[in-house]
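What follows is the residue order along each chain.
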Amino acid sequence: MPNQKTKKEKTTDDKPLNERSVLTDKNEAEKPAKRTARRTSAKKAAEPKEKTAENATAEPKKTPAAKRPSRKAAAKKAPAAEPIPVAAEQAPELPQPRRSVAFIGSECYPFVKTGGLGDVMYALPKALSRLNCDVKVILPKYRCIPQQFHEKMVWRGTFRMDLCADGRAFHVGIMEYVWDGVVYDFIENDEFFSTGNPYTNLIDDIPRFCYFSKAALAALNYMNWIPDVIHVHDWQAALVPVYLRTLFADTPVASARTILTIHNLRFQGVYNVPTIQYWTGLPDSVFEMGALKQGDQDANLLKGGIAYADRVTTVSQTYAWEIQDPFYGDGLDAHLRYHSGKLSGIVNGIETTLWDPASDALIPANYSCSNAVAQKRANKRALQEELGLEVNEGKMMIGLISRLTDQKGLDLVNSILPQMLDGNTQFVVLGTGDQRYEDSFRWFENNYRGSVCSNIMYDETRAHRIYAAADALLVPSLFEPCGLTQLIAMRYGTVPVVRETGGLKDTVQPFNTYTGEGNGFTFDRYESGLLLDAINRAKTLFFTERARWDEMVVRDMEKDVSWERSAMLYRSLYLEIKP
Ligand code: ADP
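What comes next is a walk through the structure.

Criteria and cut-off values
- Residues numbered from 1 in each chain as written.
- Predicted model: local features only at pLDDT ≥ 70, side-chain atom pairs only at ≥ 80, totals over all residues.
- Heavy atoms only, no water.
- Near = heavy atom within 4 Å.
- Polar contact = N/O pair within 3.5 Å; in protein donor to acceptor, adjacent residues only side chain to side chain.
- Areas by Shrake-Rupley, 256 points an atom, 1.4 Å probe, with all protein chains shown as cover.
- Helix = DSSP H or I, 4+ residues; strand = E, 2+ residues; numbered from the N terminus.
- Nonpolar A, V, L, I, M, F, W, Y, C, P; charged D, E, K, R; others polar.
- 1 Å grid on protein atoms, 1.4 Å probe; cavity = no way out; pocket = protein on both sides within 12 Å on 5 of 7 lines; lining within 4 Å.
- Points joined across faces, edges and corners; volume = space filled by probe spheres on them.
- Expected span 1.5 Å × (residues − 1).
- Contact = heavy atoms within 4.5 Å.
- Pairing = 2+ DSSP bridges.
- Axes fitted to C-alpha atoms, helices over the stretch in contact; angles between N-to-C directions.
- Parallel < 35°, antiparallel > 145°, perpendicular 65-115°, else oblique.
- Buried < 20%, exposed > 50% of the residue type's maximum accessible area, 1.4 Å probe, protein only.
- Right-handed = clockwise from strand over helix to strand, strands pointing away.
- Left-handed = near helix turned anticlockwise from the far one by under 90°.
- Core = buried A, V, L, I, M, F, W, Y, C linked by side-chain atoms within 4.5 Å.

**With respect to the site of the ligand**
- Taken together, 19 residues lie around the ligand, and Gly116, Arg403, Met457, Tyr467 and Leu484 are the ones closest in.
- Separating an oxygen atom of the ligand from a side-chain N or O atom of lysine 408 is a distance of 2.9 Å.
- A distance of 3.0 Å separates a nitrogen atom of the ligand from a polar backbone atom of aspartate 459.
- Taking 570 Å² as the accessible area of the ligand by itself, protein coverage stands at 92%.
- Of all elements in the fold, only α5 (116–129), α18 (460–469) and α19 (485–491) reach the threshold of two or more residues within the shell around the ligand.
- The residue makeup of the shell around the ligand, split by class, is 8 nonpolar, 6 polar and 5 charged.

**Some words on empty space enclosed by the protein**
- Tallied over the full model, the rule gives 4 cavities of 30 Å³ or more.
- Estimates place the volume of the largest cavity at around 140 Å³.
- What lines the largest cavity is a set of 13 residues, and nearest its centre among them are Val373, Lys376, Asp471, Phe542 and Asp550.
- Where the lining of the largest cavity is concerned, the elements lending two or more residues are α15 (372–387) and α22 (546–558).
- Ranked by the residues each element gives to the lining of the largest cavity, the list is headed by α15, at 5 residues.
- Its residues placed into classes, the lining of the largest cavity shows 5 nonpolar, 1 polar and 7 charged.
- Forming the boundary of the second largest cavity are Asp119, Val120, Tyr122, Ala123, Gly349, Ile350, Glu351, Leu354, Trp355, Leu484, Ile488 and Trp563.
- At 4 residues, the largest contribution of residues to the lining of the second largest cavity is made by α5.
- Here the lining of the second largest cavity is built from residues that sort into 9 nonpolar, 1 polar and 2 charged.

**A look at helix α17 (residues 435–447)**
- The end-to-end C-alpha distance of α17 is 18 Å, a good match for the 18 Å that 13 residues give at a rise of 1.5 Å each.
- Buried residues belonging to α17 abut α16 (410–420), β14 (425–430) and β15 (452–455).

**Focus: the sheet that holds strand β9 (residues 293–294)**
- Taking strand neighbours across the sheet as the criterion, the 3 strands line up as β8-β10-β9 in an open arrangement whose pairing is antiparallel. Among the strands making up the open sheet, the edge pair consists of β8 (270–272) and β9.
- Sheet topology places β8 next to strand β10 (residues 298–300); 3 bridges connect them, and they run antiparallel. The residue bridging tyrosine 271 from the neighbouring strand is alanine 299, located in β10.
- Running at roughly 100° to β8, helix α10 (residues 273–280) makes contact with β8, β9 and β10 of the sheet.
- Where helix α11 (residues 301–308) meets the sheet, it contacts β9 and β10, and its direction lies at approximately 50° from that of β10.

**What to know about the packing of α15 against α22**
- Packing of α15 against α22 brings their axes to within 10 Å, and their N-to-C directions diverge by 90°. In terms of their interaxial angle, α15 and α22 are classed as roughly perpendicular. Each of Ala372, Val373, Lys376 and Arg377 in α15 lies in contact with α22, whose residues at this interface are Arg546, Asp550, Val553 and Met557.
- Looking at the contact of α15 with α22, its residues break down into 4 nonpolar, no polar and 4 charged.

**Some words on the side chain of serine 566**
- Along the chain, the position of serine 566 falls in helix α23 (residues 564–577).
- Residues contacting serine 566, with those up to four places away along its chain left out, are Ile346, Val347 and Asn348.

**Looking at the pairing of β14**
- By the criterion of burial, β14 is predominantly enclosed, with 6 of the 6 residues buried.
- Burial along β14 is two-sided: Thr425, Phe427 and Val429 and Gln426, Val428 and Leu430, pointing in opposite directions, are all buried.
- Pairing analysis gives 6 bridges linking strand β13 (residues 396–401) to β14, with the strands arranged parallel. Counterpart to leucine 400 in the pairing with β14 is valine 429.
- Handedness of the crossover is the feature at issue here: the chain leaves β13, passes through α16, returns alongside β14, and the resulting connection is right-handed.
- Where β14 and β15 come together, 4 bridges link them in parallel fashion. In the strand pairing of β15, valine 428 is matched with cysteine 453.

**Describing unusual backbone geometry**
- Cis geometry is found at the peptide bond from glutamine 96 to proline 97, where omega equals -5°.
- Cis rather than trans, the peptide bond between tyrosine 109 and proline 110 has omega equal to 0°.
- Looking at the element boundaries, proline 110 is found in the loop between β1 (99–104) and α5.
- Here aspartate 180, not a glycine, exhibits a phi torsion of approximately 55°, which is positive.
- Inspection of the secondary structure puts aspartate 180 in the loop between β4 (169–179) and β5 (182–188).
- The exposure class of aspartate 180 is buried, given its relative accessible area of 13%.
- Here aspartate 330, not a glycine, exhibits a phi torsion of approximately 45°, which is positive.
- Residue position: aspartate 330 is located in the loop between α13 (326–329) and α14 (333–338).

**As for the packing of α16 against α17**
- Close contact between α16 and α17 brings their axes to 11 Å; oriented N to C, the two are set at 15°. Judged by the inter-axis angle, α16 sits roughly parallel to α17. Relative to α17, the crossing made by α16 is left-handed. Across the interface between the two elements, Leu410, Asp411, Val413, Asn414, Leu417 and Pro418 of α16 pack against Tyr437, Ser440, Phe441 and Phe444 of α17.
- Here the contact of α16 with α17 is composed, by residue class, of 7 nonpolar, 2 polar and 1 charged.

**Points about the nonpolar core**
- Counting residues in each nonpolar core, the largest one holds 104 residues, and the members touching the most others are Phe111, Tyr184, Tyr211, Ile230 and Leu292.
- Apart from the residues lying within four places of it in its own chain, the contact partners of tyrosine 184 are Cys108, Phe111, Lys126, Val137, Leu139, Met175, Glu176, Tyr177 and Trp179.
- If you look at the next biggest cluster of nonpolar residues, it comprises 67 residues, including Met420, Leu421, Phe441 and Val475.

Structure, rendered in structure tokens:
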């Protein structure tokens, strides 16, 4: 095996970045602390860049004084009517010390999103930047990213990077977009990222994300931006800790510590050893059973990441515990038990400014806790009209917003739907996925006209309207790492009916009929009878004790489902591994 440490990150084709400018979103409302964070990022982006990934060092560079406006100068430029809040800038109440974190993952709202990972990659960096973290998010520059964002990206550099076992090299471009205290760096390579969808099939996805993982690290060296922590997400970025401790071990970025977050253990990035050996160029030593190797012939990227990361997290505590069991472990339970000392769970939050019934422009009637009961009825009537359901606010509307796959417990829903539809209940489903579920929900709509509406589509607006109009939302998943729909539902005063698994168990407290506490209705074993029982308990409260139901609606809306607490926990974890 050639010594790849010395040649892997060699870069060429450096160009001066003198034409760079940093664009920001003019619509965003900035707070002083955010502005300070952005200035730091913007200043970094404006630094001249000569070094390659190979020779980059962590020493700070000095920006010419002439280019750096002083605070006084900045204050002078400010309009007289809006004085700069000097005191707030001088003494920001931010947790100390400041930490720098590189997020590396395959999707991030609003650039590209296929599921919960995209939401987390958007919201968590923003929440961390409010907690005195300097965050850079590294993403593939897919062609499918909306044009408006491509136009805002600024070129930061170009180099060539050796990738494959035979030394085959590829172009790496870095395009940057700074927005709301977070720097987004996009890895550009048309050979890998020109498809319409971020994920196509494993034959293409494996090389694509081998390349991405290595290019992300090489880009950090190239930019001389050496973070305290590198936080990687799911199998697509799981090779980053492996590369860091092998081919990058003697480069500046190796001083960073790593966290791997598993958003869904079902997807692991498994392919035969020769293919992965070729595309990664990694040494033979990592293809052993304790690291990437799986079974006789395969290599598993997520497994390698778990072995090499300093910490592994999942998106809820219960899921962190469940995946150490063969039922939920998807073949990695023994590996996870072995690494249980560094495994923990931190539950996701939601972006409460995006999901806010008081200001949501996509719903007909806005509301807060004080007028939720009346306004939700107005939203229900509007949705009944829009979807061709019987218009009657006295009906109980039960919603379901989901990918239509086996994970989501839809076989249970199908088997109890006729019993659920008692003449006083309506059912609205929104989702796309497996043909058999799409067909079965269409069949129910045809046979229960006026009571069932099946929206077989992906539609953000309709999702918002269902969250606002429904009385209850079903999430009967077989497994659920965290789940966002139950959190959004509670934020909109829609009572969740969930199976007690993963994040559903951690976020929905079952209603206690004696104390009146709780946020929703739950069941434990994966059985349709138990789902029906939970729905019937919800119906009983809704139809016979409406005042107590309405109290629960308000309790749900008051529940803290924001990112703030979870972001604090991530920050604590960063400090633990990099004090
Ligand atoms: P997963 O990541 O497993 O798909 P989550 O509950 O974590 O499930 O996240 C689902 C997200 O996708 C939520 O924001 C939900 O509102 C949204 N969503 C799911 N299906 C649809 C759909 N058909 N139309 C609009 N939004 C959807």
